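So you can see what is in the structure, the chains are spelled out below.
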Amino acid sequence: MKLFLLSLAAVFSILALAANAEGPGAQTMDVDLTKWTPPDIAGVGDDPFGRMVKYGYLLFTDTANQVGPTMADPAKRFAGNNLACKNCHLQAGTQPYAMPMTGVWGQFPQYRPREGAVTTLETRINGCMMRSMNGRALPLASREMIAFVSYIRWLSTGIPAGAKLVGAGTLKIAMPARAADPARGAQVYSQTCAVCHGAGGQGQRAETGAGYQFPPLWGPDSFNDGAGMNRLLTAAAYVMHAMPVGTTYDAPVLTSDQAYDVMAYVQSRERPQMAQLDVDFPNRLQKPVDTPYGPFADDFSPAQHRLGPFGPILAKLRAMGAAAAANDTNQPK
Ligand code: HEC
Ligand code: HEC
């Protein structure tokens, strides 16, 4: 075991050397998560860090029974719905292009347009706590937050900080040059999704405890309107490369048109609402074109920001951004 750890450390330092060989400012190395083998949770030891990693894994995969709204201790009710992180971040946060956590440890702090500031991994986790989980922020020093961060650090073992990750986030779809059609999406939904997620989008509860066998896609126990999954291009990219469950990015079941329409239908249903979404993206030129809530820098309709076509909005924002940059003489060079 010791020898194995030593050789891992050696491999890591060689990788780190390779990444830094040309000094700061040189091209960082790429890590292709589609060819990467993440570490195995069964191999985690019983030392203090290992125990924290295992608690993080439990929180990530069984969120509702650890910090969900039905916890007996009100102080532990952090999530506002009974989803689990892994319901979206598939395979416990290791599936490429299903927003994996692999390598994410070394990507923060980073500039985030939603906050308009450089923020930490903890802030990003709390973003999902407050939006995807429709809950409240974990205190930074809480055992839960330390466990999430430990789990993500451990999942990132062997990936240099700042590496360019292939397979992170979602795999973008070719943007259809039309508005999405929720009525056509309803047909895709009843043919392809309802069997698991339910005709009413309510999902299917797990046999024991809180949580779901098939998570809800709308209604009171779903993600709220400020979540990334409530943006059409993000959601369509995710679903095309991950759903029905078991689908991987390299063998999609849905066409991009079907993914676009079906998520427009899902997003047209009712879900919890988050307060004060108007303060998101303080630099409106950096607001993603498919953000379904205003205010916007452009004067395209709210409906077009929800359903597209997005091409014209993107072109307009680019033109406005170029104009703003050219006019900004106060920026230090
Ligand atoms: C309803 C779906 C959903 C759930 C549930 C969810 N997330 Fe997310 N998460 C997302 C989306 C969408 C993104 C943004 C992906 C992108 O930027 O393309 C994201 C991004 C993240 C990121 C940043 C990843 C990166 O590549 O920078 C972290 C960290 C994260 N989530 C942690 C969590 C944790 C921890 C939980 C559980 C407490 C959770 N998420 C639950 C949908 C979800
Ligand atoms: C065979 C069952 C099955 C089918 C069919 C299926 N899903 Fe899922 N879906 C799941 C499961 C299970 C999860 C959670 C995965 C996990 O926890 O590992 C999930 C997760 C999701 C999520 C993220 C979690 C959330 O609550 O938002 C979305 C979005 C989603 N599915 C959309 C769809 C859409 C759209 C379709 C139809 C095109 C579809 N699914 C078809 C089983 C299915």
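No experiment lies behind these values; they were computed from the predicted model shown. (Residues numbered from 1 in each chain as written. Chains lettered and ligands numbered in written order. Predicted model: local features only at pLDDT ≥ 70, side-chain atom pairs only at ≥ 80, totals over all residues.)

J.: How would you summarise the overall build of the protein if you had to cite specific residues and measurements?
T.: When helices and strands are tallied, the protein shows 12 helices and 6 strands. Expressed as a percentage of its 333 residues, the buried residues of the protein come to 37%. Pairs at least 24 apart in sequence give 65% of the contacts found in the protein among residues at least 6 apart. (Helix = DSSP H or I, 4+ residues; strand = E, 2+ residues; numbered from the N terminus. Buried ≥ 20, exposed ≤ 12 C-beta atoms within 10 Å, placed from the backbone. Contact = placed C-beta atoms within 7 Å.)

J.: Explain the site of ligand 2 to me, using residue names and the numbers behind them.
T.: Among the 22 residues in the neighbourhood of ligand 2, the closest are listed as Cys193, Cys196, Pro215, Pro244 and Val245. Listing elements by their share of the shell around ligand 2, those giving two or more residues are α4 (85–88) and α8 (182–197). A per-element tally of the shell around ligand 2 places α8 first, with 5 residues. In the shell around ligand 2, the residues fall into 18 nonpolar, 3 polar and 1 charged. (Near = placed C-beta within 6 Å. Nonpolar A, V, L, I, M, F, W, Y, C, P; charged D, E, K, R; others polar.)

J.: Can you break down helix α9 (residues 232–240) residue by residue, with the values?
T.: For an α-helix the count is 3.6 residues per turn, leaving residues at separations of three or four pointing the same way. In terms of residue burial, α9 counts as a mostly covered element, since 9 of its 9 residues are buried. For α9, every residue scored as buried is listed here: Leu232, Leu233, Thr234, Ala235, Ala236, Ala237, Tyr238, Val239 and Met240. Tucked inside the fold, the buried residues of α9 contact α10 (256–268) and α11 (302–307).

J.: Describe the nonpolar core, with residues and values.
T.: Among the nonpolar cores identified, the biggest contains 37 residues, and Leu232, Ala236, Val239, Ala259, Tyr260, Val262 and Met263 are the most heavily contacted of them. Within the residue set of this core, elements represented by two or more residues are α8, α9 and α10. Of the residues forming this core, the biggest block, 8 residues, is contributed by α9. Each of domain 1 (30–166) and domain 2 (171–315) gives at least three residues to this core. (Core = buried A, V, L, I, M, F, W, Y, C linked by C-beta atoms within 7 Å. Domains from an automatic or database assignment.)

J.: Account for the packing of helix α6 (residues 121–130) against helix α7 (residues 143–155), with residues named and values stated.
T.: One can describe the packing of α6 onto α7 by two numbers: an axis separation of 10 Å at closest approach and a directional angle of 110°. Classified by the angle between their axes, α6 and α7 sit roughly perpendicular to one another. Across the interface between the two elements, Leu121, Glu122 and Ile125 from α6 touch Met145, Phe148, Val149 and Ile152 from α7. Looking at the contact of α6 with α7, its residues break down into 6 nonpolar, no polar and 1 charged. (Axes fitted to C-alpha atoms, helices over the stretch in contact; angles between N-to-C directions. Parallel < 35°, antiparallel > 145°, perpendicular 65-115°, else oblique.)

J.: A description of the site of ligand 1 should follow, citing residues and the corresponding values.
T.: Taken together, 24 residues sit near ligand 1, with Cys85, Cys88, Cys128, Ser132 and Gly228 positioned nearest. Going through the elements one at a time, α4 and α6 are the ones with two or more residues in the shell around ligand 1. In terms of residue class, the shell around ligand 1 is built from 14 nonpolar, 9 polar and 1 charged. Both of domain 1 (30–166) and domain 2 (171–315) provide at least three residues apiece to the shell around ligand 1.

J.: Could you give an account of the environment of Gly103, with specific residues and numbers?
T.: Along the chain, the position of Gly103 falls in the loop between α5 (90–93) and β2 (110–112). Linking Gly103 and Ala161, residues 58 residues apart in sequence, is a C-alpha distance of 7.8 Å. If near-sequence neighbours (up to four positions away) are discounted, Gly103 is found in contact with Val31, Leu33, Ser156, Ile159, Ala163, Leu165 and Ala168.

J.: Please give an account of the environment of Leu165 that cites residues and values.
T.: Positionally, Leu165 belongs in strand β4 (residues 164–166). Sequence separation of Leu165 and Thr102 is 63 residues, and the distance between their C-alpha atoms is 9.1 Å. Apart from the residues within four sequence positions on either side, Leu165 is in contact with Val31, Leu33 and Gly103.

J.: I'd love a proper account of the confidence of the model for the protein, names of residues and values included.
T.: The pLDDT averaged across the protein works out to 92; a share of 89% of its residues lies at or above 70. This stretch, residues 1–6, has a pLDDT under 50; its non-local contacts, to residues over four places away or in other chains, come to 0 contacts. Low pLDDT, under 50, characterises residues 329–333; the stretch is placed with 0 contacts to residues that sit more than four places away or in other chains. (pLDDT = per-residue confidence, 0-100.)

J.: Account for the packing of α8 against α10, with residues named and values stated.
T.: In helix packing, the relevant descriptors are the interaxial angle and the interaxial distance, both defined with respect to the helix axes. Two numbers describe how α8 lies on α10: the axes approach to 7 Å, and their chain directions differ by 95°. The pairing of α8 with α10 is recorded here as roughly perpendicular in orientation. Along its contact with α8, which presents Pro182, Arg184, Gly185, Ala186, Val188, Tyr189 and Cys193, the element α10 presents Gln258, Asp261, Val262, Ala264, Tyr265 and Ser268. A per-class count over the contact of α8 with α10 returns 8 nonpolar, 3 polar and 2 charged.

J.: Before we move on, could you go through unusual backbone geometry and cite the residues and values that matter?
T.: If a residue is not glycine, its phi is most likely negative; likewise, a peptide bond is most likely trans. Each neighbour pair has its own omega, and for Phe108 with Pro109 the value is -5°, a cis peptide bond. With respect to the helices, strands and loops of the structure, Pro109 is situated in the loop between α5 and β2. Between Gly294 and the following residue, Pro295, the backbone shows a cis peptide bond with an omega angle of 0°. Position of Pro295 among the secondary structure elements: in the loop between α10 and α11. Unusually for a residue other than glycine, Asn134 sits at a positive phi of about 50°. Its place among the elements puts Asn134 in the loop between α6 and α7.

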